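# Chain and residue survey
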Amino acid sequence: GSRIVVGVSFNGWGSRYEPHDDDAALGRRWAQQAGEPYVTVDGIDVDGRPVPFVFEGGSVTVDGLGTVVTTEQCLRHPNRNPSMSTEALESALHRTLGTTTAVWLPHGLALDRDTDGHVDNVAAFIAPGIVLAQGCDDPCEADHDRLADDLAVLTAAHDATGERIRAIEVPVLPFAEVGGRRVAVPYLNLYLCN
C-alpha cells in the first residue's frame, strides 16, 4: 500500500546511445531526492543466476488492472535480455509492474532501428481491456503483415480479468524522411492523459 520506486537496468536502448549511465541512475537519484524507498528488480537467466533486467518504459503498455503488453522483438532482442527465457522475462515484468498477465506481440515496426520494436509504436491501452493497435493498410509495406500478426495476437488474448482484449485498429501508418532516412511515423506513440 505504500509507494516505492522500482529500478530496472537501462542500457541506452540496446547500447545504441552512449553514455547512458546518468539516465540509468535517474530512478535511484529521484528516489533519494524524494525520500522514497528504492528497490531493483533483477531477472533470472536460464541457469538460475540473477542478471540485470533490461527494459524501458516504451517497451510496455499496461492497463492498470494487471495486464502488460510488450513485443518479443524488443524484450527478447539479444541486446536486452539474451540469457532470460520468456517465462523469466514475464516474472520480472510482473514483479516490476505489479501485473499478472502478459501479452507478447511478435513485432514492433519494421523500421524501428532506434528501440528494436517498442510496443509504444504499435499498441496502447486506452482503457482496461481496450487497446489501440497500429495497422498498415498498404500491402506493399513490410509492416502490413507484421501488424496484422500483432492484431491477431491481441484479439485472441485475454486480460488479467479473464476478458478478451478488444483491439481498435488504426489502419494508416504514415512514413516520412528524417535525416535522409525513411522512417515510420506511427500514431500510436502517444500519451493518454486523464
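Counting of residues starts from 1 at the beginning of each chain's written sequence and follows it residue by residue. Whole-chain, interface and lining totals are the exception, using all residues; otherwise, since this is a predicted model, local features are given only for residues with pLDDT of at least 70 and side-chain atom pairs are given and counted only at 80 or more. Side-chain figures throughout are based on the complete set of non-hydrogen atoms in the structure, without hydrogens or water.

Another aspect to go through is a nonpolar patch on the surface. Without a salt bridge and with relative accessible area above 30%, a residue can belong to a patch; like charges are then joined within 9 Å and nonpolar side chains (Val, Leu, Ile, Met, Phe, Trp, Tyr) within 5 Å. Here the Shrake-Rupley method, with its probe set to 1.4 Å, supplies the accessible areas, and only the displayed protein chains count as covering residues. The salt bridge criterion pairs a side-chain nitrogen of Lys or Arg with a carboxyl oxygen of Asp or Glu, the two atoms within 4 Å. Together, Ile4, Val6 and Val39 give the surface a local cluster of nonpolar side chains, amounting to about 200 Å² of exposed area. When you line up the elements, Val6 lands in strand E1 (residues 5-7). For helices the rule is a DSSP run of H or I covering at least 4 residues; for strands it is a run of E covering at least 2, with both sets numbered from the N terminus onward.

This part is about the pairing of strand E7 (residues 101-105). Exposed residues in this analysis have more than 50% of their type's maximum accessible area, buried residues have under 20%, and partly exposed residues fall in between, with area computed by a 1.4 Å probe over protein chains only. For E7, a buried count of 5 out of 5 residues is recorded, marking the element as mostly surrounded by other parts of the structure. Burial of the side chains of E7 extends over both faces: Thr101, Val103 and Leu105 are buried on one face and Ala102 and Trp104 on the other. Pairing between strands is defined by DSSP: at least two bridges between the two strands are required. With 5 bridges connecting them, strand E6 (residues 67-71) and E7 associate as parallel partners. Bridge assignment links Thr67 to a residue of E7, and that residue is Thr101.

Next up on the list: the environment of Val153. Relative to the elements of secondary structure, Val153 occurs in helix H6 (residues 142-156). On the accessibility criterion, Val153 (28% relative accessible area) is partly exposed. If we ignore the near neighbours within four places in the chain, the residues touching Val153 are Val103, Trp104, Leu105 and Pro106. In what follows, residue pairs with any heavy atoms lying within 4.5 Å of each other are defined as contacts.

With that settled, the discussion passes to the environment of Trp13. By the element assignment, Trp13 lies in helix H1 (residues 12-15). Expressed as a C-alpha distance, the spacing of Trp13 and Arg113, which sit 100 residues apart in the sequence, is 9.9 Å. What Trp13 contacts, discounting residues up to four positions off in sequence, is Glu56, Arg80, Asp114, Thr115, Asp116 and His118.

Attention now goes to the sheet that holds strand E5 (residues 61-62). On the basis of which strands lie adjacent, the open sheet formed by 3 strands has the order E5-E6-E7 and mixed pairing. Where the open sheet ends on each side, the last strands, each with one partner, are E5 and E7. As paired elements, E5 and E6 share 2 bridges and run antiparallel to each other. The partner of Val62 across the bridge, within E6, is Val68. With axes taken as lines fitted to C-alpha atoms, and helix axes fitted only over the stretch in contact, angles between N-to-C directions fall between 0 and 180 degrees. Sitting on the sheet, helix H5 (residues 86-97) touches E5, E6 and E7, and the angle it makes with E7 is about 125 degrees. Contacts between H6 and the sheet are confined to E6 and E7, with E7 contributing the most and set at about 160 degrees to the helix.

This part is about the sheet that holds strand E9 (residues 130-134). Taken in spatial order, the 3 strands of this open sheet run E8-E9-E10, and their pairing is mixed. Strands with a single pairing partner mark the edges of an open sheet, and in this sheet they are strand E8 (123-127) and strand E10 (166-170). Pairs of neighbouring strands in the sheet enclose a mean axial angle of 30 degrees, with direction left out of account. Pairing of E8 with E9, which is carried by 4 bridges, proceeds in the antiparallel orientation. Residue Phe125 lies in a different strand from E9, and its bridge partner there is Val131.

This part takes up the layout of surface pockets. For the largest pocket, the calculated volume is near 440 Å³. Considering the residues around the largest pocket, the lining is formed by 19 residues, among which Val6, Gly7, Val8, Gly27 and Gly57 are closest to the centre. Elements supplying a minimum of two residues to the lining of the largest pocket: E1, helix H2 (21-24), helix H3 (26-34) and H5. Polar here means any residue other than Ala, Val, Leu, Ile, Met, Phe, Trp, Tyr, Cys and Pro, which are nonpolar, and Asp, Glu, Lys and Arg, which are charged; Gly is therefore polar. In terms of residue class, the lining of the largest pocket is made up of 11 nonpolar, 5 polar and 3 charged. Any residue with an atom within 4 Å of a point lines the site, the site being either a cavity, points on a 1 Å grid over the protein atoms alone where a 1.4 Å probe fits but cannot get out, or a pocket, an open set with protein on both sides within 12 Å along at least 5 of 7 lines. Grid points are joined across faces, edges and corners, and a volume is the space filled by probe spheres set on the points.

Let's shift gears to the pairing of E10. With 5 bridges connecting them, E9 and E10 associate as parallel partners. Each residue of the ladder has a partner; that of Leu132, found in E10, is Ile168. Handedness is read with the strands pointing away from the viewer; a crossover is right-handed when the path from the first strand over the helix to the second is clockwise. Running through H6, the crossover from E9 to the neighbouring parallel element E10 is right-handed.

Here we come to the packing of aromatic side chains. Two rings belonging to Phe, Tyr or Trp (six-membered ring only in the last case) form a pair when the distance between their centres is within 6.5 Å. Interplanar angles under 30 degrees mark stacking, angles over 60 mark edge-to-face geometry, and anything in between is tilted. Under the criterion given, the structure shown has 3 aromatic pairs. Relative to Trp13, the ring of Phe10 lies with its centre 4.9 Å away and its plane at 90 degrees, an arrangement referred to as edge-to-face. Ring geometry for Phe53 against Phe55: centres 5.0 Å apart, planes inclined by 35 degrees, an arrangement best described as tilted. Each member of the aromatic cluster is reached from another via a ring pair, and the members are Phe10, Trp13 and Tyr17. Positioned above the aromatic ring of Phe175, the side-chain terminus of Arg182 is 4.0 Å from the ring centre. Placement of a positive charge over a ring is assigned whenever Lys NZ or Arg CZ falls within 6 Å of the ring centre and within 35 degrees of the normal to the ring plane.

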